[in-house]
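Below are the chains, spelled out letter by letter.
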Amino acid sequence: MHKAREHQQPLYMCFVDFKKAFDSISHDKLWVTMMDMGCPLHLIDLLAKLYRKQLAKVKVAGTLSEWFRVKKGVTQGRVLSPYSFNILTEMVMRETLDGFPGGLQIGGRMITNFRYDDDIILLATLEAEVLDWCTA
């Protein structure tokens, strides 16, 4: 924001917060994305084995359900979980920003977004660019 003001450029921002982001990651989509991004197959296999045997029960009104296989979500608190989330988010952002005309020129580079954990800020110098993306 400081650089935009300094260069008297308008700045529009769209804030995106993925709700329940870590819980919503599809394991199968994560493995495919990791392969598409060139991750070593032995690493993908190791992670898949970690999640493949994950089972859970749900307690509703004091009654436990039968065991079922967990197909989505990365376990918060595990060292690799933020990396797994970031891999999937990176692919989503690459596809989403493909053809996005917005951004802010800073130091000769076009900056289109800022990301931290499950929060994203999309940047543009024209209101229409950010509105088109945020309402799509």
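Above this text sits the structure in question.
What you see is a predicted model; the values in this text were computed from it and never measured.

K.L.:
I would appreciate a short explanation of a positive patch on the surface in the present structure.
P.N.:
Where like charges cluster on the molecular surface, the positive patch consists of Arg52, Lys53, Arg69 and Lys71. For Lys71, a relative accessible area of 55% puts it in the exposed group.

K.L.:
Help me understand the pattern of salt bridges in this model?
P.N.:
Two side chains bearing opposite charge may form a pair once their charged atoms approach each other closely. Per the stated rule, a full pass over the model turns up three salt bridges. For Lys49, the salt bridge is made with Asp45, and the minimal N-O distance between the two is 3.2 Å. Of this pair, Lys49 and Asp45 both sit in helix α3 (residues 41–52), four residues apart, which is roughly one turn of the helix. Arg115 is paired through a salt bridge with Glu90; the nearest N and O atoms lie 2.8 Å apart. Residue Arg115 is found in strand β8 (residues 113–116), and its partner Glu90 is found in helix α4 (residues 81–97); the two are separated by 25 residues along the sequence. For Arg115, a relative accessible area of 37% puts it in the partly exposed group. The class of Glu90 is partly exposed, set by a relative accessible area of 23%. Members of the salt-bridge network, linked through shared partners, are Glu90, Arg94 and Arg115.

K.L.:
Any chance you could explain the sheet that holds strand β9 (residues 119–124) here in plain terms?
P.N.:
Sheet strands pair by backbone hydrogen bonding; their relative direction is either parallel or antiparallel. Read from one edge to the other, the open sheet built from three strands follows the order β1-β9-β8, with strand pairing classed as antiparallel. Of all the strands in the sheet, the pair left with one neighbour each is β1 (12–17) and β8. The average angle at which neighbouring strand axes cross in this sheet is 15°, direction not considered. In this sheet, β9 lies alongside β1 in antiparallel orientation, the contact comprising six bridges. What sits directly across from Tyr12, in β9, is Ala124. Against the sheet, α4 contacts β8 and β9, and its axis sits at roughly 165° relative to β8.

K.L.:
Before we go on, may I ask you to explain the nonpolar core in this structure?
P.N.:
In summary, soluble globular proteins display a tendency toward joint burial of nonpolar side chains. One finds Ile25, Leu30, Trp31, Met34, Ile44, Leu47, Ala48, Tyr51, Val74, Phe85 and Leu88 forming the largest nonpolar core, which totals 11 residues. When residues of this core are traced back to their parent elements, those giving at least two are α2 (27–36), α3 and α4. Per-element tally for this core: the top contributor is α3, with four residues. Listed in part, the nine residues of the second largest apolar core include Cys14, Met93, Ile120 and Val130.

Here is what the cut-offs are and how they apply
Residues numbered from 1 in each chain as written. Predicted model: local features only at pLDDT ≥ 70, side-chain atom pairs only at ≥ 80, totals over all residues. Heavy atoms only, no water. Patch = residues over 30% accessible without salt bridge, like charges linked within 9 Å, V, L, I, M, F, W, Y side chains within 5 Å. Areas by Shrake-Rupley, 256 points an atom, 1.4 Å probe, with all protein chains shown as cover. Salt bridge = Lys/Arg side-chain N within 4 Å of Asp/Glu carboxyl O. Lys, Arg positive; Asp, Glu negative; His and termini not counted. Charge placed at Lys NZ, Arg CZ, Asp CG, Glu CD. Buried < 20%, exposed > 50% of the residue type's maximum accessible area, 1.4 Å probe, protein only. Helix = DSSP H or I, 4+ residues; strand = E, 2+ residues; numbered from the N terminus. Pairing = 2+ DSSP bridges. Axes fitted to C-alpha atoms, helices over the stretch in contact; angles between N-to-C directions. Contact = heavy atoms within 4.5 Å. Core = buried A, V, L, I, M, F, W, Y, C linked by side-chain atoms within 4.5 Å.

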